[in-house]
Amino acid sequence: MKTNFIKTVGKIALILVPAITLSMNASAHDPKMHAKKAEKADCSKMDHSKMDMKDPVAVAMMKKCMKQSKSSMEKMDHSKMKEMDHSKMKGMDHSKMEKKENKKANSDDHQNH
Amino acid sequence: MKALKILLILLLLGGASAATVMYSGIVNVAADEPHSDIVYWLLEETREASIKKSAQHIKVPDLESPELLLMGGADYEYMCSSCHLKPGLEESDMSIGLYPQPPNLGISHETHQHGTDEELARQNFWVIKHGIKASGMPAWGKTHSDERIWAMVAFIKRLPTLTPEQYQVLTAID
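Since the structure is predicted, the reported quantities are computational estimates derived from the model, not experimental observations. (Residues numbered from 1 in each chain as written. Chains lettered and ligands numbered in written order. Predicted model: local features only at pLDDT ≥ 70, side-chain atom pairs only at ≥ 80, totals over all residues.)

So, on to the overall build of chain B. For chain B, the helix and strand inventory stands at eight helices and zero strands. Order of helices (α) and strands (β) in chain B, N terminus to C terminus: α-α-α-α-α-α-α-α. In terms of overall size, chain B is more extended than a compact globule, its C-alpha atoms giving a radius of gyration of 21 Å where 174 residues would be expected to give roughly 16 Å. Oriented by its inertia axes, the alpha-carbon framework of chain B measures out at about 70 × 35 × 30 Å. Looking at the 174 residues of chain B, the share that counts as buried comes to 26%. The contacts in chain B between residues at least 6 apart in sequence include a share of 67% that link residues at least 24 apart. (Helix = DSSP H or I, 4+ residues; strand = E, 2+ residues; numbered from the N terminus. Rg over C-alpha atoms; globule rule 2.2 N^0.38 Å. Buried ≥ 20, exposed ≤ 12 C-beta atoms within 10 Å, placed from the backbone. Contact = placed C-beta atoms within 7 Å.)

Here we take up the overall build of chain A. Looking only at helices and strands, one finds three helices and zero strands in chain A. The order of helices and strands in chain A, counted from the N terminus, is α-α-α. Counting only residues that meet the buried cut, chain A has 4% of its 113 residues in that class.

As a further point, take the confidence of the model for chain B. Scored by pLDDT, chain B has a mean of 94; 97% of the residues are at 70 or more. Interface confidence for the predicted complex, expressed as ipTM, amounts to 0.78; the pTM equals 0.71. (pLDDT = per-residue confidence, 0-100.)

It is worth spelling out the interface of chain A and chain B at this point. Taken together, the 21 residues of chain A in the interface contact 18 residues of chain B. Looking at the side of chain A that touches chain B, its residues break down into ten nonpolar, three polar and eight charged. (Nonpolar A, V, L, I, M, F, W, Y, C, P; charged D, E, K, R; others polar.)

Right, let's talk about the environment of Gly131 of chain B for a bit. Residue and element names in this part refer to chain B. Its location among the elements puts Gly131 in the loop between α6 (117–130) and α7 (146–158). For Gly131, a count of 15 C-beta atoms within 10 Å corresponds to the partly exposed category. With eleven residues separating them along the chain, Gly131 and Lys142 place their C-alpha atoms 9.9 Å apart. If near-sequence neighbours (up to four positions away) are discounted, Gly131 is found in contact with Met137, Pro138 and Ala139.

This next bit is on the domain arrangement of chain B. The extent of an interface is frequently quoted as the accessible surface area lost upon association of the parts. Taken domain by domain, chain B holds domain 1 (1–30) and domain 2 (37–171). Using C-alpha coordinates to define each centre, domain 1 of chain B is positioned 38 Å away from domain 2 of chain B. (Domains from an automatic or database assignment.)

Glancing now at the packing of helix α3 (residues 66–79) of chain B against α7 of chain B. All names here are of chain B. Where α3 contacts α7, the axes come no closer than 7 Å and their chain directions differ by 90°. By the criterion of interaxial angle, the relationship of α3 to α7 is roughly perpendicular. Residues Leu68, Leu69, Met71, Gly72, Gly73, Asp75 and Tyr76 of α3 touch α7, and the partners they reach there are Arg148, Trp150, Ala151, Met152, Ala154, Phe155, Ile156 and Arg158. Among the residues forming the contact of α3 with α7, the class breakdown is ten nonpolar, two polar and three charged. (Axes fitted to C-alpha atoms, helices over the stretch in contact; angles between N-to-C directions. Parallel < 35°, antiparallel > 145°, perpendicular 65-115°, else oblique.)

This part is about α6 of chain B. The terminal C-alpha atoms of α6 of chain B lie 20 Å apart, and with 14 residues this matches the ideal 20 Å at 1.5 Å per residue to within 8%. Turning to α6 of chain B, the residues buried within the fold contact α2 (37–55) and α7 of chain B. (Expected span 1.5 Å × (residues − 1).)

Dropping the structure here:
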């Protein structure tokens with residue numbers, strides 16, 4: 001019984017060891033080269049002062065970054081932000097923030113009718 | 001009649017020689033063994049003439065639109081950059097291993113191709129759409145619309161002028 005078990009383990013090892021060795025050789029080059037991840041645009045390095053807005057490349061970059069920032073704003077779950085402590089948010093620039101609540105109020109006040 | 005016999009014998013001899021070369025296995029097809037200069041020249045000239053002739057009547061649209069750059073950038077990154085490289089990447093497994101070596105499209109076309117911008121654009125469109133036999137260049141036209149291929153042509157036109165940072169923004173997925 002014991003001899004049979006040792007023989008079986010020996011056979012498995014005989015198959016597994018060369019198989020593992022061969023598969024390691026197959027992935028010997030840098031796997032990072034093949035790992036294509038969906039990267040987001042890195043807009044932090046854009047220098048607007050140096051951009052020529054007549055250049056299609058500059059316009060395309062602006063469009064990409066604006067679209068990205070808009071979609072990331074839309075993905076934020078505002079309903080979970082009730083318990084936000086605004087006193088701890090010293091770095092926030094309120095002048096750049098979209099005032100959605102006011103817009104909503106305006107649309108509901110039927111001034112356009 | 002005698003001339004016809006000689007011609008027939010020559011044809012038979014030619015066919016037999018070609019078959020001997022084909023089936024003897026003496027032609028080395030390994031990609032890490034380059035062609036002789038004369039064979040390389042023959043193949044390159046044949047390829048260039050074929051592309052030039054096939055692409056000559058293609059109408060080139062306006063390639064200056066920013067939307068084309070954004071559409072073409074994402075496709076270039078996923079379909080082309082591993083072989084044709086990009087700003088900040090001077091070689092890859094594919095660019096080293098393929099033979100003939102794919103052109104580095106991150107370098108200005110003046111160093112490896114000739115012709116006006118328009119000629120180059122229509123030739124690039126044709127090559128992307130139809131591919132090149134036995135070169136590793138696929139026919140992307142089988143799975144991509146002409147609009148997407150023109151977008152890639154527009155992007156390739158601007159590629160040599162892009163910095164790695166500009167390239168990253170233009171090719172990123174939304």
